[in-house]
Amino acid sequence: MKSAWVYSAILIPFLGNAISFNELSERAYTVSEEMIQFNGRINAINFEKASVIASEPMSIETSARRIKGDDPISSGTEYGVMVDYSFKNPSLRSAQEHEFELLKKGTKQEIAAQKGHIQIGLKRDWLLYRLEQDRSSILVQKRDFSYKAYIVGEKKFKAGRLSQMELLRLDSEYRATLQEVASALMEAEHAQYRLREAVMMKDEVIIDDMEFRFIESSALEDRLKETPLLKSLDNRIEALDGSIATVRHSTVESVSIGVGITQEPTQNSVDFRLTIPLAFSSKNENKIAALMSERSALVHLREVSKQKLQLSVAGLVEHLGEREERINVLCENEKHYETLFAMAQKGYEGGVMGQFEYLASKNAYYDARLRTLELKQSYIQEMAEIEEKIGRVW
């Protein structure tokens, strides 16, 4: 089944028949709305940093006044000009630069977390798409066997060895498989559509290095250390440290030095001026206390979040281990059902087995294969849930 796709001119050209998972992920990053916004935020931080730490502009102060003294000689017009230049406090400048670098670091961490989220979605959709392909293949085989059984049954009916009711049963079985195949192909097409939409490709998405496999629970502790949730809290704590340092150094923000000339009726002078604005008040102390309180809360939140994450992920991993055992058992059962079906098919075609026994063995075999796929589908969904919690592909 093919769908009509309409795309604008911004679509990226097709890269080939197959692509690696990392290459597909990189392609998805470039068309992600969130990634575009994050990159814009990085640029905005750079410009804001340049604006904040820039030196104060030079200022020029001029004056003129009319002086009337008791002595006519001391009367006249006075002119003055003063040029001021401000120097930012080096400690405050350094603290502000560090604060912006921490802000940028936090945004980069968000970018890494978003990349992980994109990869998780791509992996889940690809594995589900492969399962739907497998389901379609199984149902196509079931359809073909049903059609073959109907043809054999039709010959038996014409020979008077099969009743009309039995022939109708074979016909109903075959028609039911047609609907099952159509439904499976539609689900596979929907899964493929989600992949195409994520990377904005109009051709079929094929990943050549991503297969279904069970996760290794032994690597759980190492993966939890790098979770975006905990790293985000670490960055927020570090950013608060930077904010506290900035406030502590903001008592003296800048020092202004001025040089000027004054022309008076009786004399001319060169003037020097040094301005040091001081911000001594309880405002800074209260601000630091507020930031310290927030930092303490984040430290506690990080510990609680880490413990909850460990318990949650460990429970899910244990549950996946149980599903893995069930999948392995079902795979073994498939072999037994396959053997029984082969024997039943041979007996039915040879006339030594009845129609209903044959249909029962056939349906049991294909139902067993479909049950395995359904359990794998649940496994993939739960694995994606774990990966969402740890923020990266397992």
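Residues numbered from 1 in each chain as written. Predicted model: local features only at pLDDT ≥ 70, side-chain atom pairs only at ≥ 80, totals over all residues. Heavy atoms only, no water.

Trainee: Could you clarify how one ought to interpret the overall build of the chain in this entry?
Mentor: The number of helices and strands found in the chain is 8 helices and 4 strands. Counting helices and strands in the order they occur from the N terminus, the chain gives α-α-β-β-α-α-α-α-β-β-α-α. Seen through its C-alpha atoms, the chain measures out along the principal axes to roughly 145 × 50 × 30 Å. For the chain, buried positions account for 37% of its 394 residues. (Helix = DSSP H or I, 4+ residues; strand = E, 2+ residues; numbered from the N terminus. Buried < 20%, exposed > 50% of the residue type's maximum accessible area, 1.4 Å probe, protein only.)

Trainee: When you look at the environment of Leu 139 in this model, what are you seeing that I'm missing?
Mentor: Residue position: Leu 139 is located in helix H3 (residues 90–158). Put simply, Leu 139 and Gln 37 are 102 residues apart on the chain and 44 Å apart in space, counted from C-alpha to C-alpha. Leu 139 has contacts with Glu 180, Val 181, Ala 184 and Leu 370, leaving out every residue within four places of it along the chain. (Contact = heavy atoms within 4.5 Å.)

Trainee: Please explain unusual backbone geometry as it appears in this structure.
Mentor: With glycine set apart, most residues show a phi of negative sign, and most peptide bonds adopt trans. The phi torsion at Met 200 lies on the positive side, around 55°, for a residue other than glycine. Note on Met 200: relative accessible area 23%, which makes it partly exposed.

Trainee: Looking at this structure, how should I read the confidence of the model for the chain?
Mentor: With 92% of its residues at a pLDDT of 70 or more, the chain has an overall mean of 82. Confidence, expressed as mean pLDDT per element, reaches its minimum in the chain at helix H5 (residues 220–225) with 71 and its maximum at helix H1 (residues 21–30) with 90. Here residues 1–16 is modelled with pLDDT under 50, and outside its nearest four sequence neighbours on either side it reaches 23 contacts, counting other chains as well. (pLDDT = per-residue confidence, 0-100.)

Trainee: Would you mind going over the sheet that holds strand E4 (residues 268–275) with me for this structure?
Mentor: The strands making up a sheet are joined through hydrogen bonds of the backbone, oriented either antiparallel or parallel. The 4 strands are arranged E1-E2-E3-E4 in an open sheet whose pairing can be described as antiparallel. Both edges of this open sheet fall to strand E1 (59–67) and E4, since each of them pairs with a single strand only. With strand direction ignored, the average angle separating the axes of adjacent strands in the sheet is 15°. The pairing of E1 with strand E2 (residues 76–88) spans 9 bridges and is antiparallel. Bridge pairing in E2 places Thr 62 opposite Val 81. (Pairing = 2+ DSSP bridges. Axes fitted to C-alpha atoms, helices over the stretch in contact; angles between N-to-C directions.)

Trainee: It is not clear to me how the pattern of salt bridges should be interpreted in this structure. Could you clarify?
Mentor: Working definition: two side chains of opposite charge can pair if their charged atoms are close together. Here the structure, examined in full by the defined rule, presents 22 salt bridges. A salt bridge links Arg 65 to Glu 78, with the shortest nitrogen-to-oxygen separation between them at 3.1 Å. Pair noted here: Arg 65 is in strand E1 and Glu 78 is in strand E2, with a separation of 13 residues, a long-range link. Glu 78 sits in the buried class, given a relative accessible area of 9%. (Salt bridge = Lys/Arg side-chain N within 4 Å of Asp/Glu carboxyl O.)

Trainee: How should the pairing of strand E3 (residues 254–263) be read in this particular structure?
Mentor: Both faces of the sheet carry side chains from a regular strand, because those side chains alternate between them. Of the two faces of E3, only the one carrying Ser 254, Ser 256, Gly 258, Gly 260 and Thr 262 is buried; Val 255, Ile 257, Val 259, Ile 261 and Gln 263 on the other face are not. When E2 meets E3, the two strands line up antiparallel, connected through 10 bridges. Following the sheet pairing, Met 82 is matched in E3 by Gly 260. Where E3 meets E4, 8 bridges bridge the pair, whose relative direction is antiparallel.

Trainee: How should the nonpolar core be read in this particular structure?
Mentor: A general trend in soluble globular proteins is that nonpolar side chains are found buried together. Residues Leu 24, Leu 122, Ile 215 and Ile 386 are the most contacted members of the largest nonpolar core, which totals 61 residues. Those elements that place two or more of their residues in this core are H1, helix H2 (33–53), H3, helix H4 (164–199), helix H7 (282–349) and helix H8 (355–390). Sequence-distant contacts of Ile 215, that is, excluding residues within four places in its chain, are made with Val 317, Leu 320, Tyr 379, Met 383, Ile 386 and Trp 394. Within the second largest apolar cluster, 8 residues are counted, among which are Leu 240, Ile 244, Val 247 and Ile 288. (Core = buried A, V, L, I, M, F, W, Y, C linked by side-chain atoms within 4.5 Å.)

Trainee: How should H4 be read in this particular structure?
Mentor: In an α-helix, one turn spans 3.6 residues, which is why side chains three or four residues apart end up on the same side. With 36 residues, H4 should cover 52 Å at 1.5 Å per step; its first-to-last C-alpha distance of 53 Å lies within 8% of that length. Of the residues trailing H4, Met 200 is marked for its positive phi of about 55°. (Expected span 1.5 Å × (residues − 1).)

Trainee: How should I be thinking about the packing of aromatic side chains in this particular structure?
Mentor: To describe a pair of aromatic rings, you give the distance between the ring centres and the angle between the ring planes. According to the stated counting rule, one finds 11 aromatic pairs in the structure shown. Ring centres of Phe 145 and Phe 341 lie 5.2 Å apart, and the angle between their planes is 85°; this geometry places the pair in the edge-to-face category. You can see Phe 145 sitting in helix H3 and its partner Phe 341 sitting in helix H7, a full 196 residues away along the chain. Phe 145 sits in the partly exposed class, given a relative accessible area of 24%. Judged by relative accessible area, Phe 341 falls into the buried class, the value being 4%. A connected cluster of aromatic rings, assembled from ring pairs, spans Phe 145, Phe 341, Tyr 358, Tyr 365 and Tyr 366. (Phe/Tyr/Trp six-rings, centres within 6.5 Å; stacked < 30°, edge-to-face > 60°.)

Trainee: Is there a simple way to explain the side chain of Thr 227 in this structure?
Mentor: Among the secondary structure elements, Thr 227 is positioned in the loop between H5 and helix H6 (228–248). Taking the relative accessible area as the measure of exposure, Thr 227 reaches 0% and is therefore buried.

Trainee: Where do I start with the packing of H3 against H4 in this structure?
Mentor: Remark: H3 packs on H4, axes separated minimally by 8 Å, with the N-to-C direction vectors making an angle of 160°. With respect to their mutual orientation, H3 and H4 come out roughly antiparallel. Crossing of H3 over H4 shows left-handed handedness. Within the contact of H3 with H4, the residues separate by chemical class into 21 nonpolar, 7 polar and 11 charged. (Parallel < 35°, antiparallel > 145°, perpendicular 65-115°, else oblique. Left-handed = near helix turned anticlockwise from the far one by under 90°. Nonpolar A, V, L, I, M, F, W, Y, C, P; charged D, E, K, R; others polar.)

Trainee: When you look at the environment of Glu 180 in this model, what are you seeing that I'm missing?
Mentor: Examined against the element boundaries, Glu 180 turns out to sit in helix H4. When the C-alpha positions of Glu 180 and Arg 135 are compared, they lie 9.6 Å apart, and in sequence the two are 45 residues distant. With near-sequence residues (within four places) excluded, Glu 180 lies in contact with Leu 139 and Lys 142.

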